[in-house]
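# A look at the structure
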Amino acid sequence: MPSATLVTEPDSKVLREMARLRFVHAADLHLDSPFTGLKAAAPENVAKTLYGATFAAYENIIDLCISERVDALLIAGDVYDSADRSLRAQRKFVDGLERLHDAGIRSFVCHGNHDPLNGWEARLSYPSSCHRFGPEFEAVPVFEDEPGRAVVHGISYPQRDVTENLVRRLGKVEAGPFSIGLLHANVDNDPNHPAYAPCTLDDLVQAGVDYWALGHVHTRRVLNQQGPTVVYPGNPQGRHPNETGPRGVYLVDVDDFGQVNLDFRPMDTVRWERLNVNIVGMDTEQDLLDDLHQVMEDAIERAEQRSIVVRITLSGRGTLHSFLRRSGAMDSLLEDINDRWAEQSPFAWCERIEDETASPFNRQERIEGSDFVADLLRLCDQSKTDPELLTQLRDSLSDLYDHRTFARYLKDSVPSDNDMAVLIDEAESIAVNLLVEDDPQ
Amino acid sequence: MRIRDLHIDGFGHFADRTVGPLDLPITVFYGPNEAGKSTYLEFIRTVLFGFPQRLSNQHYPALSGGRHGGRITIADDAGTQYAVQRAQGRGTGPVTITTSAGETLGDDVLAQVLGHHSKDVFQSIFAFTLDELQSDDLLKDTNVNSQIYSAGMGATTLPAAVRTLKSEKDDLFLRGGSKHQIAEAANKLRDIESRLAIVANNAAEYGTLTARLEQVEVEFQKLNDGRREYESQLDQQRRLESAWDDWNDLVTTEQQLTEVPTIDDFPNDGVARLERLEERVRAATREYDLAGERAAQAEAAIRTQVEHEGILNHTADIRRLERGRTSFDNSAHDLPERVAELTDHQSSLARTLKELGPGWDEAHLEGFDLSIAVREEISKYQSQLREATGELSSRESALTQAETALAEAIEAEGKAEREVETTPKPSLDTNEIRQRRTLVRTVSLKLGQIDRIRQRVSDLRTQLDGLTNSAAPIGQKDKSRLVAAVSAVFGIGLLAGGAILGGTALPIGVVAGLALLSIAVYLFTSGQSTESATATESPLAAPVRESLARAEAELAELRSALEQEASPFGLESIDEQALIAAEDSLDVEEAKLRDWTRLSEVLDGAKDLTKQRTSRRTESRNAVDLAGQQLDAVQSAWQEWLQARNILDTFTPETVAELRGQVELGRSQLADVRSWRQRIEAIEKDVREYTAIVEPLAVAFDVTFDVNDYRTVAAAADRLVELHEQVQQLVGLRTDAEAELEDAEHQLEERRTHLQVAEEEMGQLLESGGSDDAEHFRKRADLYGQRTELLMRRRDALGRLQRLSGPGERLESLQKTLHETDIQAIRDDALRVEEERASADTAIQELSTERGSLQRELARLVDEEESSKLRMERNLLLEQIQAHAREWVKRALAERLIEEARKKFERERQPGVVRHAEKFFREITDGRYRQVYAPLGQQTITVTDDAGRAKKPSQLSRGTREQLFLSLRFGLVRELGERTETLPVVVDEVLVNFDPARALRAARAFVELSETNQVLVFTCHPTTVELFQNAAVKSGVQEPEVIAIG
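Everything numeric in this text was worked out from a predicted model, so none of it was measured.

About the thresholds
- Residues numbered from 1 in each chain as written.
- Chains lettered and ligands numbered in written order.
- Predicted model: local features only at pLDDT ≥ 70, side-chain atom pairs only at ≥ 80, totals over all residues.
- Heavy atoms only, no water.
- Helix = DSSP H or I, 4+ residues; strand = E, 2+ residues; numbered from the N terminus.
- Buried < 20%, exposed > 50% of the residue type's maximum accessible area, 1.4 Å probe, protein only.
- Contact = heavy atoms within 4.5 Å.
- Areas by Shrake-Rupley, 256 points an atom, 1.4 Å probe, with all protein chains shown as cover.
- Core = buried A, V, L, I, M, F, W, Y, C linked by side-chain atoms within 4.5 Å.
- pLDDT = per-residue confidence, 0-100.
- Pairing = 2+ DSSP bridges.
- Axes fitted to C-alpha atoms, helices over the stretch in contact; angles between N-to-C directions.
- Patch = residues over 30% accessible without salt bridge, like charges linked within 9 Å, V, L, I, M, F, W, Y side chains within 5 Å.
- Salt bridge = Lys/Arg side-chain N within 4 Å of Asp/Glu carboxyl O.
- Lys, Arg positive; Asp, Glu negative; His and termini not counted.
- Charge placed at Lys NZ, Arg CZ, Asp CG, Glu CD.
- Phe/Tyr/Trp six-rings, centres within 6.5 Å; stacked < 30°, edge-to-face > 60°.
- Lys NZ or Arg CZ within 6 Å of the ring centre and 35° of its normal.
- Buried area = accessible area lost by both parts, 1.4 Å probe.
- Polar contact = N/O pair within 3.5 Å; in protein donor to acceptor, adjacent residues only side chain to side chain.
- Nonpolar A, V, L, I, M, F, W, Y, C, P; charged D, E, K, R; others polar.

Let's shift gears to the overall build of chain A. Helices and strands together make up the secondary structure of chain A, namely 14 helices and 17 strands. For chain A, with 441 residues in total, the buried portion stands at 55%. Here the analysis covers contacts within chain A between residues at least 6 apart in sequence; of these, 70% occur between residues at least 24 apart. Carbon and sulfur atoms make up 46% of the accessible area of chain A, which amounts to about 19,300 Å² in all.

Pasting the structure below:
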């Protein structure tokens, strides 16, 4: 039997030597855009870090380009939010590009729905090595002295709402130089993102481009590995509790045969984590605290020297539920956690502890009973399927959602039918917890 | 459970009253006001559940006599009958439950038959009056409301839950409110948005500031260039000004040089050197003179002569005089005192010898034996005598105490004997008393039984009388019975008295008592037969007669049984007072017995004590004799010891010890005398030796003294010592002067040489300076100095000019320019240029400040974090609003769901009590009110009329409210009856406020209820009686029994 041959990934230096082209693919920088989804004000040290997190990630990208001696940096839209009118964002962006210019590295930028061409700009001077794509597709060579080596085809949004399939404007790219498409788009109608510049994967494949450097979807994803390579790098810094895990860019090496090697590099300086702690089996508050501290410690370890923002959800049915229901109990837990972890550097800040626990309660058994609680449980089930009752319930919410002052803040969060089912379940849980608070299991 | 009959012994104004049997489902008790209807109701409650715990004797007291209480016969649902007898007494009153067979049962049986209901439950639900019906206390009764208010239906926390939800909901959002969390977050959000709008203007401002910065840079450059030009001009002018002074200086210096004579060479620092040399010469001359004086003085000292120089040959004697001087003084001074002291000691010794006695002298003192052995012997005899004397004294004291104790014991014995003799002896012992007590109890029980049977006989007789038409006058019959009864009582009393008293009283009591009892029986039975012979009887009298005969037989049987029991002791039944008297007399006998026993014990104890103390006295006497003998023996031994030492044999050891002391003292004094003698001899010897030294020296050196006066001897010694020192000093000075002279001559020579050297050097200096004397030298030095200075000034001025101009031709050019220059014009021009430069500086400063400000502002705009912070806060507030909204939604939905569930629950799941009550209420109100329900989680009842309006009891009319409460009671009765023993429903005037129609329907409801529960109705209204009768007819059931009261 022949001995196995150990195959190793070529390291970065070797790839550099072998590569026909090396570039960094980034997107959705959202410089100076605030974190969303936070429900509590952060302490001073944390807030300062959060304000600067997107800038720090961008600096990391520039440092990466310089240290890896790439040929170019490609940014696929949403560099900043024009609506914010952040001078700082645009100034820092240009500063970074100038660093690349000083290092002899080119940069290619297309703009997306958040930073369209008709959006506000601070009239800063971009370095000559940076090319910003306009409202029509342009083909720009990466190496000015070797135009046949690699070409970037890019297009920017002329305005915010682009609902046209921009790929159709490109037409078919002829074979020859290694072609890169730089585009901010929603491929195959991802429901989690607005349907701007919608297109299909097949559209991209048929266009004849070798590498599609996409932007818009914040979760990194490789839609197609080769022929062509279609990649969303995701955003380099998570800004929402749902944007957990490492965030960064792709370091892309293309060999002489056009083979693409993708190397994901995390760029984020603050990472989100969602942690869950189940109270089943816990008898004392100290048990809960010990668990909470343990999950925090584990999260910090996973973050690899990064600061983290954590949202903890307590779940399960247990005797600790009554303790958690007491006024100030959750705040006390939060304070205990943050006293220990939020002040250090890197910090671990627990933004919120959500209580989804419930008292020990056997729903299946109780619903078979003949008392009031059983009737209530049956009514909750009925309300999810009875349109008339559902309408009555929805109508009871109009005081808030139709309020002349607050409606505008809530117009995007009016409960849908699916939401109503979930809300009814949660309402039932609240009602049952109040009615059977001292019920033994 | 059903009530069969009632028997009141004494309760309220009833006494010995029986009602029953109550066999029909409904019984109506009809009587006028104050007939006692409420009394019956309360009687039933009291007998079944007890008297009140406090002031029970005031609860319907037996105003007409009889025992406070009575009896109710009941039958449980299975038909078993019980008699419940209760009387007023401790607690709720003693109760007896007996079966029809006479078996007595425990209280638990009663509780079971009563369904384990409490008195409160019975009163609230089963047996109530009009007042109780009108009160809403029913709903507050905890025994009741737990049946009504959905207990156990899982909704006890409902009100609190609804309140909590509402509170939490309103805290999050309240329509029309402004303090809820969403409003507060929205207010903050509006504030953030306004601040963001302000910050958004930063972008426009950035462009404006950038343009202005460019302008400022251009102006700044222009001004800087102008300033440089001014600087150049000013520089040139300053050069000419500073060169002008140097130029003048140069010209002046050259002029002065021409006026000073030329001296080519002169010693450096000549004047200073001249002065130093002059100072050296002066110093050397002074020192030379001093050395000469010193030599002259030394020569003079050498030539001085010293008187009495020969004393130096006696230096050793002088030293001895010196060393012994202090000792001589002390010795000579102390000698008289010492002699006086010796005389005192000798006197003391003489006195001591005299005290010891004639014949005592120094030899005798020294010969006396003062050894330790002798001292020990004396001490031994001393302690032996002391011990023997002490022992004797102790024994005599013990004897005295023993005799005293014995006398006390004899007296106590006599006292105890007298007490026993004077105390009467009891006639009964303990066993006899116990037996008597048992007899009394037995007799008492029997008596009670006889009383009850006798009463029954009386009742039956009365009945029989009523049923017969007897010819015998009623009075005569009664009279013979009375005589018979009295005879019986007296007979029993005599029997009991004889038994109690015993002795001769016993047979007398038995005979008399039996005789009277026989007479009583005869009288009683003869009366009966007379009756039976002459009476015309009703057919109903036969069973009564039979009952009477049975009772009388039972009575006779009881009496016979008592006679048999008491016959061994001669006892029969007595009345209560006799029994109490008998008991008292037994108590007295028992007390007498106790006293007698106690006194006998005391006497025995006293006798024992007397015996003990007599024995102790005898022992003490023997001990005293023995101690006396021991003392005599010791005294004989001591006298023998004295005689052996020729000491008077009357001396005690203490006296001998004192003698020893005196001898010791004498010996000590003798030693002192001898010591002082020796010391005086030594002093005298010292004085003689010292004087021997002084005398020859004093003569040799002319010092006078008196050999017999130690003070002159001491003075002479001092003088000799002093003279020796003086001579020694003078001779020493002379020796020192010789050495001094040699040293002074050597020094003189040295100083002469120094002076010569200094004078030579000064001569050389003057010559080098071209002078013969110092003054001339100084003048030349001054001239030389002036010239030198002028040359230096000229050189400096040229040097400065050269620095301003540069080397070579430029210097000449400068000199030429200066020669031709008007310095004032230059100064004026410089001032003008200076002003222009200052203006340029000011403008530059202003532009620099503005530039710095612009740069800072631009940097601030680029670097400001305020907008980042505001955007984050805006997002945070938006999230908070949405989170609050979601929480509000959950609570609003929970509230709504609970409300819907509650309505449904109330519609479909009312408690059994309420369902029953609803049915009755609907019937009584003929459908006017359709629904009765207890709202979930609330402690109240609500009714709904036919229009669907909900009303609380307080919103109903009085009559309707009573009907509601009556219906609730019916509901409770039905509900409880399904679970426990049914109880009778006893009501008092509960329909009076009902209109006729509703009253009839209510009566029919009672009829319906009577299918399961016995109903007893108390009323004073004939209409109420008719109501129940009509209701029964309409319901197709048997009409109620109507019992008249009063």
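With that settled, the discussion passes to the nonpolar core. Side chains that are nonpolar tend, in soluble globular proteins, to be buried together. Of all hydrophobic cores here, the largest spans 82 residues; its most connected members are Ile 74, Leu 966, Leu 991 and Phe 1006 of chain B. The leading source of residues in this core is helix H26 (residues 958-977) of chain B, at 8 residues. With residues near it in sequence (within four places) discarded, Ile 74 of chain B still touches Met 1, Arg 2, Ile 3, Arg 4, Leu 48, Thr 80, Gln 81, Tyr 82, Val 84, Leu 110 and Val 113 of chain B. Judged by nonpolar contacts, the second largest core, of 54 residues, contains Ile 367 and Leu 377 of chain A together with Leu 196 and Leu 897 of chain B.

Looking now at the confidence of the model for chain A. All names here are of chain A. Residues of chain A with pLDDT of at least 70 account for 94%, and the chain-wide mean is 88. For chain A, per-element mean pLDDT is lowest for helix H1 (residues 12-18), which scores 61, and highest for strand S2 (residues 72-76), which scores 97. Note that pLDDT drops below 50 for residues 1-9; the model gives that stretch 1 contact with residues more than four away or on any other chain.

Below, the discussion takes up the confidence of the model for chain B. Residue and element names in this part refer to chain B. With 90% of its residues at a pLDDT of at least 70, chain B reaches an overall mean of 84. Summarising per-element confidence for chain B, the mean pLDDT is lowest in helix H16 (residues 505-534) (56) and highest in strand S4 (residues 69-75) (94). Here residues 470-475 is modelled with pLDDT under 50, and outside its nearest four sequence neighbours on either side it reaches 6 contacts, counting other chains as well. Below a pLDDT of 50 lies the segment residues 529-535, which in the model reaches 12 contacts outside its immediate sequence neighbourhood of four places, other chains included. Confidence metrics for the complex model read pTM 0.49 and ipTM 0.77.

Once that is clear, we can look at the sheet that holds strand S11 (residues 221-224) of chain A. In a beta sheet, neighbouring strands are held together by backbone hydrogen bonds and run either parallel or antiparallel to one another. All names here are of chain A. The strand order across the open sheet formed by 6 strands is S5-S6-S7-S10-S12-S11, and the pairing between neighbours is mixed. Strands with a single pairing partner mark the edges of an open sheet, and in this sheet they are strand S5 (138-141) and S11. Adjacent strand axes in the sheet meet at a mean angle of 20°, parallel and antiparallel pairs treated alike. Note: strand S7 (residues 178-184) against strand S10 (residues 211-215), 5 bridges, orientation parallel.

Glancing now at a negative patch on the surface. Residues and elements named next belong to chain A. Judged by side-chain charge, Asp 283, Glu 285, Asp 287, Asp 290 and Asp 291 come together as a negatively charged surface patch. Relative to the assigned elements, Asp 287 resides in helix H6 (residues 285-302). On the basis of relative accessibility, which here comes to 31%, the residue Asp 287 falls in the partly exposed class.

If you walk through the whole model with that rule in mind, you get 29 aromatic pairs over all chains. With a centroid separation of 6.4 Å and an interplanar angle of 45°, the aromatic rings of Tyr 381 of chain B and Trp 641 of chain B are classed as tilted. Taken together, the residues span a long stretch of sequence, with Tyr 381 of chain B in helix H13 (residues 372-422) and Trp 641 of chain B in helix H18 (residues 576-644) at a distance of 260 residues. The pair formed by Tyr 381 of chain B and Trp 641 of chain B is uniform in burial state, with each residue classed as buried. Here a set of aromatic residues connected by ring pairs shows up, and it is made of Tyr 58, Tyr 80, Phe 93 and Tyr 126 of chain A. Seen from the ring of Tyr 126 of chain A, Arg 132 of chain A lies directly overhead, with NZ or CZ sitting 4.1 Å from the centre. Here Arg 149 of chain A stacks its cationic end above the ring of Phe 143 of chain A, 3.9 Å away from the centre of that ring.

Turning our attention to the interface of chain B and chain A. Chain B puts 59 residues into the contact, and the matching count from chain A is 56 residues. Both sides together, the interface formed by chain B and chain A hides about 5,400 Å², and carbon and sulfur atoms give 68% of it. Inspection of the region where chain B meets chain A yields 5 salt bridges. Arg 175 of chain B is paired through a salt bridge with Asp 399 of chain A; the nearest N and O atoms lie 3.6 Å apart. Taken together, the connections running from chain B to chain A amount to 6 residue pairs in polar contact (both at pLDDT 80 or more). Going through the elements one at a time, helix H7 (158-172), helix H8 (181-200), helix H9 (202-257), helix H23 (823-863) and helix H24 (866-908) of chain B are the ones with two or more residues in the side of chain B that touches chain A. Broken down by element, the side of chain B that touches chain A gets its largest block of residues, 30 residues, from H24 of chain B. A class-by-class count of the residues in the side of chain B that touches chain A yields 31 nonpolar, 10 polar and 18 charged.

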